[in-house]
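Chain and residue survey
Read off the chains here:
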Amino acid sequence: MTVLKRYVRRLFMSIKYITTNVVDKNNGRVVTTASTVEHAVKNSLECGRTCNAKAAAILGEVLAMRLKVEGHQDGQGRGIHADVKKEIEKKGFKSRTKVWAVINSVRNSGVTLILDDFNVDEDKYYRYRSDEGHQ
């Protein structure tokens, strides 16, 4: 039996670090990962711990680049799933800028990203950020 949501993006946050990865749900394997623990990413951040949303955006770009190198940018035609509402509820309301920074940077880098159980009308922050980009 195959799972319809084969590739799923996960986000892990601590006080100091952010890690995001894409998991293949059919076999439980991590396809690719990116983290602010990595020296290459950490050294590219000039503002230390004060630029969490900026670090999250850079992390999304690194993840997208690695997905393209692996050949998984379209999730084998099914896309890569992300449950934004669930992640914001788990991480807390204050972390929503970091969650959206990763989502938007991955999407803007050309990766096919599918938002599960997400209603744009319910999220005022998403509407604000979307309107901001179209001006």
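Where an unreviewed UniProt entry is consulted, the protein chain appears under the name 50S ribosomal protein L18, with the organism given as Brassica carinata. The heading Sequence similarities (unreviewed entry) in the UniProt record of the protein chain holds the text "Belongs to the universal ribosomal protein uL18 family."

For the rest of this paragraph, the subject is helix α2 (residues 52-70). Between its terminal C-alpha atoms α2 stretches 27 Å, which fits the 27 Å expected from 19 residues at 1.5 Å a residue. Buried residues along α2 sit against β1 (7-13), β2 (18-24), β3 (29-35), α1 (39-44), β4 (80-82) and α4 (96-108).

Glancing now at the packing of α2 against α4. Where α2 meets α4, the axes come as close as 7 Å, and the angle between the chain directions of the two elements is 30 degrees. Here α2 and α4 pass one another in a crossing that is right-handed. Residue-level inspection shows N52, A53, A56, A57, G60, E61, L63 and A64 of α2 in contact with α4, the latter providing K98, A101, V102, S105 and V106. When its residues are assigned to classes, the contact of α2 with α4 shows 8 nonpolar, 3 polar and 2 charged.

Calculation rules
- In this numbering scheme, every chain counts its residues from 1 along its sequence in written order.
- Side-chain atom pairs in this predicted model are given and counted only at pLDDT of 80 or more, local residue features only at pLDDT of at least 70, and totals for whole chains, interfaces and linings cover all residues.
- As a convention, hydrogens and water are excluded, and side-chain values are obtained from all of the structure's heavy atoms.
- UniProt positions are given in the numbering used here, feature names are shortened, and annotations may be inferred rather than shown by experiment.
- Per the convention used, a helix needs a DSSP run of H or I reaching at least four residues, while a strand needs a run of E reaching at least two, with both numbered from the N terminus.
- What a helix should span is 1.5 Å times the count of its residues minus one.
- It only takes one pair of heavy atoms within 4.5 Å for two residues to be counted as in contact.
- Inter-axis angles, ranging from 0 to 180 degrees, are taken between N-to-C directions of lines fitted to C-alpha atoms, where helices are fitted over the stretch in contact.
- By the definition used in this description, the sense in which the near helix is turned from the far one sets the handedness, with an anticlockwise turn below a right angle giving left-handed and a clockwise turn giving right-handed.
- Amino acids outside the nonpolar list (Ala, Val, Leu, Ile, Met, Phe, Trp, Tyr, Cys, Pro) and the charged list (Asp, Glu, Lys, Arg) are all regarded as polar, and Gly is one of them.

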